[in-house]
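Commentary on secondary and tertiary structure
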Amino acid sequence: AQRVTQPEKLLSVFKGAPVELKCNYSYSGSPELFWYVQYSRQRLQLLLRHISRESIKGFTADLNKGETSFHLKKPFAQEEDSAMYYCARGSQGNLIFGKGTKLSVKP
Amino acid sequence: DAGVTQSPTHLIKTRGQHVTLRCSPISGHKSVSWYQQVLGQGPQFIFQYYEKEERGRGNFPDRFSARQFPNYSSELNVNALLLGDSALYLCASSLYAASSYNSPLHFGNGTRLTVT
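Bear in mind the structure is a predicted one, so any value in this text is a computation, not a measurement.

Some points on the environment of S33(B)
As for its placement among the helices and strands, S33(B) is situated in strand β4 (residues 31-37). Along the primary structure S33(B) and G58(B) are separated by 25 residues, whereas in three dimensions their C-alpha atoms are 11 Å apart.

Digging into the pairing of strand β9 (residues 83-91) of chain A
All names here are of chain A. With eight of nine residues buried, β9 lies mostly within the body of the structure. Here strand β5 (residues 33-38) runs beside β9; their pairing, made up of six bridges, is antiparallel. Counterpart to V37 in the pairing with β9 is Y85. Pairing between β9 and strand β11 (residues 101-106): three bridges, direction antiparallel. Pairing of M84 across the sheet is with K102, part of β11. Between β9 and strand β10 (residues 94-97), which follow one another and run antiparallel, lie two residues, and Q92 among them has a positive phi close to 50 degrees.

Some points on the pattern of salt bridges
Evaluation of the coordinates by the stated rule reveals 10 salt bridges over all chains. Between D85(B) and R63(B) there is a salt bridge, with the nearest N and O atoms lying 2.8 Å from each other. Taken together, the residues span a long stretch of sequence, with D85(B) in the loop between β8 (74-78) and β9 (87-94) and R63(B) in the loop between β6 (53-57) and β7 (64-68) at a distance of 22 residues. Of the two residues, D85(B) and R63(B), neither departs from the other in class, the shared state being buried. Through salt bridges with shared partners, a single ionic network connects E20(A), K22(A) and K73(A).

Comments concerning the side chain of S93(B)
All names here are of chain B. With respect to the secondary-structure elements, S93 resides in strand β9. Residue classification places S93 among the buried residues on the basis of a relative accessible area of 0%. At 3.3 Å, the side chain of S93 and the backbone nitrogen of I26 are in polar contact. Non-local contacts of S93, meaning those with residues more than four positions away in its chain, are made with V4, P25, I26, H29, S31, V32, P104, L105 and H106.

Thoughts on the state of the cysteines
According to the stated counting rule, one finds two disulfides over all chains in the structure shown. Sulfur-sulfur distance for the disulfide between C23(A) and C87(A) comes to 2.0 Å. Its S-S torsion of approximately -65 degrees makes the covalent link between C23(A) and C87(A) left-handed. Of the two residues, C23(A) sits in the loop between β3 (19-21) and β4 (24-25) while C87(A) sits in strand β9, which places them 64 residues apart along the sequence. One disulfide bridge connects C23(B) with C91(B), the sulfur atoms lying 1.8 Å from each other. Because the torsion about its S-S bond is -65 degrees, the bridge between C23(B) and C91(B) counts as left-handed. With a gap of 68 residues between them, C23(B) in strand β3 (residues 19-24) and C91(B) in strand β9 connect regions that are remote in the sequence.

Some words on unusual backbone geometry
Here the bond from S7(B) into P8(B) is cis, since omega is -10 degrees, no more than 30 degrees from zero. On the secondary structure map, P8(B) appears in the loop between β1 (5-7) and β2 (10-13). Although it is not a glycine, T68(A) adopts a positive phi angle of roughly 45 degrees. Assignment of secondary structure puts T68(A) in the loop between β7 (60-64) and β8 (69-74).

Some points on the nonpolar core
When a protein is soluble and globular, its nonpolar side chains tend to lie buried together. Core analysis: the biggest nonpolar cluster contains 23 residues, and W35(A), L72(A) and Y85(A) have the highest contact counts within it. For this core, the elements supplying multiple residues, two or more each, are β2 (10-14), β3, β5, β6 (45-49), β8, β9 and β11 of chain A. Leave out the neighbours within four places in its chain, and Y85(A) touches Q6(A), L21(A), W35(A), Y36(A), V37(A), L47(A), F59(A), L72(A), G100(A), T101(A) and L103(A). Residues V78(B), L81(B), L113(B) and V115(B) belong to the second largest nonpolar core, which totals 22 residues.

Let's talk about the pairing of β4(B)
Residue and element names in this part refer to chain B. Within β4, seven of the seven residues are buried, which leaves the element mostly enclosed by the surrounding structure. Burial along β4 is two-sided: the face carrying S31, S33, Y35 and Q37 and the face carrying V32, W34 and Q36 are both buried. When β4 meets strand β5 (residues 44-50), the two strands line up antiparallel, connected through six bridges. Note on β5: the bridge partner recorded for Q36 is Q44. Linking β4 to β5, which pair antiparallel, is a turn of six residues; within it G40 sits at a positive phi near 85 degrees.

Cut-off values and rules
Residues numbered from 1 in each chain as written. Chains lettered and ligands numbered in written order. Predicted model: local features only at pLDDT ≥ 70, side-chain atom pairs only at ≥ 80, totals over all residues. Heavy atoms only, no water. Helix = DSSP H or I, 4+ residues; strand = E, 2+ residues; numbered from the N terminus. Buried < 20%, exposed > 50% of the residue type's maximum accessible area, 1.4 Å probe, protein only. Pairing = 2+ DSSP bridges. Salt bridge = Lys/Arg side-chain N within 4 Å of Asp/Glu carboxyl O. Polar contact = N/O pair within 3.5 Å; in protein donor to acceptor, adjacent residues only side chain to side chain. Contact = heavy atoms within 4.5 Å. Disulfide = S-S within 2.5 Å. Core = buried A, V, L, I, M, F, W, Y, C linked by side-chain atoms within 4.5 Å.

Don't take any of this as a statement about function, it's just geometry.
Below, the structure written as structure tokens:
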């Protein structure tokens, strides 16, 4: 079965520190990979997609096929980055989500 | 610009009852997907509908059913409710078949279902 693994349930960093949220996926060809974010009291929303190689709100994510990883990174965390982050991969028309990592950025 | 809307926002039901959850997609979106999110877990795929036809089904029992209407809105029905059905039910819409890079999912706020 295809899986998305986010090993950390909670990640706590101080403002200005680098942050890396880990995501590993089970290997299957060329995956469609996404990061979704849910801020407090807001809906789940798309943060970024692998294919576009974009940087959104200072976050980037690089696909490493050798390690089957798609880690989310930001060089300097801000308090407003505190949220739940979900890694997801496309699979036959739907998404398989990881369990999520709660990022807490302390002042 | 209205996003995906779901109703009701909260619902309390008793074991054995049935429930209907409703979803209106973003205008112009033709695909609707349903996900179940149990506390502490990521969303889990239930159904996808595109152009009123079922395009995908997750690993859920037959007690779960859904449909999509000509205006692309959708209903999720759950019969014979169990305590384990308590969860946040998310609806998501997309332009085309869900999860493709060019047609990402847009989620609603969800319906919180509590089964007692």
